[in-house]
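Each chain is listed here by its residues.
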Amino acid sequence: MSIISDIVESTKAIIKGMSVTFSKIPKEKWTVQYPDEPVTVQPRYRGQHLLHVDENGKEKCVACFLCAAACPSDCIYIVAADDPRPYEERIGVDNRYAAVYNIDYGRCIFCGFCVEACPKDAITHGYNFELSVYNRADLLKTKDDLLITKQKQSPNYRVAWADEDVDSEYKVV
Ligand code: SF4
Ligand code: SF4
């Protein structure tokens, strides 16, 4: 290919690219002023997991390991324990509970398989997406980080109403 045709092709490519850029400039911008304003997430959003409790505050997890078995990233670590005390006194809904329940967010891909696998509705995805840390070790979340009664919720997000569209790719801008 000659130098002339090289220049012509390069110029055409630049004009084509810049035409896309210039076509966007007059359009209305949609910018989220995070964290000054809360980000709106869809109800189906998969954020940091929540471990649930029943109406009496007993942990729902019975340490059956089904979530860990379903996890393709092998990032759930559970230690099961027995608590033979009567329901009123024990930690969980059942005699068996998770003494340790860790999720390594350095490996989790937020696929939701663990939630699907759980027969007790003990684990769901919450909405917290603020998982950035300076130290990889801090990506390991323990039961205290995951329990719905203990997990600190960020004020930097809100969950959209069911009929509210917040997907930027579908938004007319
Ligand atoms: S969301 Fe997926 S990768 Fe993350 S802990 Fe659950 S099963 Fe594992
Ligand atoms: S979270 Fe659910 S699936 Fe996982 S160990 Fe507990 S009860 Fe079993």
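Rules used in this analysis
Residues numbered from 1 in each chain as written. Chains lettered and ligands numbered in written order. Predicted model: local features only at pLDDT ≥ 70, side-chain atom pairs only at ≥ 80, totals over all residues. Heavy atoms only, no water. UniProt positions renumbered as here; feature names shortened; annotations may be inferred. Salt bridge = Lys/Arg side-chain N within 4 Å of Asp/Glu carboxyl O. Helix = DSSP H or I, 4+ residues; strand = E, 2+ residues; numbered from the N terminus. Buried < 20%, exposed > 50% of the residue type's maximum accessible area, 1.4 Å probe, protein only. 1 Å grid on protein atoms, 1.4 Å probe; cavity = no way out; pocket = protein on both sides within 12 Å on 5 of 7 lines; lining within 4 Å. Points joined across faces, edges and corners; volume = space filled by probe spheres on them. Nonpolar A, V, L, I, M, F, W, Y, C, P; charged D, E, K, R; others polar. Contact = heavy atoms within 4.5 Å. Near = heavy atom within 4 Å.

Going by an unreviewed UniProt entry, the protein carries the name NADH-quinone oxidoreductase subunit I and comes from Pyrinomonas methylaliphatogenes. The heading Sequence similarities (unreviewed entry) in the UniProt record of the protein holds the text "Belongs to the complex I 23 kDa subunit family." One UniProt comment on the protein, placed under Catalytic activity (unreviewed entry), says "a quinone + NADH + 5 H(+)(in) = a quinol + NAD(+) + 4 H(+)(out)".

Section: the pattern of salt bridges
In this structure the tally under the stated criterion is 4 salt bridges. Of the charged contacts, one joins Lys 143 and Glu 59 as a salt bridge, the two residues approaching to 2.9 Å between their closest N and O atoms. Of the two residues, Lys 143 sits in helix α4 (residues 143-146) while Glu 59 sits in the loop between β2 (49-51) and α2 (66-70), which places them 84 residues apart along the sequence. Like Glu 59, Lys 143 is buried. The closest approach of N and O atoms between Asp 144 and Lys 150, which form a salt bridge, is 3.0 Å.

Some remarks on empty space enclosed by the protein
A full pass over the atoms with the stated rule returns 3 cavities of 30 Å³ or more. In this structure, the largest cavity occupies an estimated 90 Å³ of space. Taken together, the residues of the lining of the largest cavity break down into 12 nonpolar, no polar and 1 charged. A volume near 70 Å³ is recorded for the second largest cavity. Forming the walls of the second largest cavity are 15 residues, and the residues nearest its centre are Cys 71, Cys 108, Phe 110, Cys 111 and Cys 114. Tallied by class, residues from the lining of the second largest cavity come to 11 nonpolar, 4 polar and no charged.

A short note on the UniProt feature "binding site: [4Fe-4S] cluster 2" (unreviewed entry) in the protein
Per the UniProt record, the feature "binding site: [4Fe-4S] cluster 2" (unreviewed entry) sits at Cys 71, Cys 108, Cys 111 and Cys 114. A maximum C-alpha distance of 10.5 Å places the annotated residues, which cover 44 residues in sequence, within one compact spot. Within this annotated set, the second largest cavity is lined by Cys 71, Cys 108, Cys 111 and Cys 114. In this structure, Cys 114 sits in helix α3 (residues 113-117). For Cys 114, a relative accessible area of 7% gives the class buried. Other than its neighbours up to four places away in sequence, Cys 114 contacts His 49, Cys 67, Ile 76 and Ile 123.

Notes on the site of ligand 1
Around ligand 1, the surrounding shell holds 14 residues, and the nearest of these are Cys 71, Cys 108, Cys 111, Gly 112 and Cys 114. Among the residues forming the shell around ligand 1, the class breakdown is 10 nonpolar, 4 polar and no charged.

Regarding the UniProt feature "binding site: [4Fe-4S] cluster 1" (unreviewed entry) in the protein
Under the feature "binding site: [4Fe-4S] cluster 1" (unreviewed entry), the UniProt entry names Cys 61, Cys 64, Cys 67 and Cys 118. Spatial clustering of the annotated residues is evident: they stretch over 58 residues in sequence, but the largest pairwise C-alpha distance comes to 10.3 Å. Of the residues annotated just before, the largest cavity has Cys 61, Cys 64, Cys 67 and Cys 118 among its lining. Here Cys 61 is to be found in the loop between β2 and α2. Its relative accessible area of 13% is what places Cys 61 among the buried residues. Excluding residues within four positions of it along the chain, Cys 61 makes contact with Arg 96, Tyr 97, Ala 98, Tyr 101 and Ala 122. Of note, Cys 67 is situated in helix α2. Apart from the residues lying within four places of it in its own chain, the contact partners of Cys 67 are Ile 76, Ile 78, Tyr 101, Cys 114 and Ala 117.

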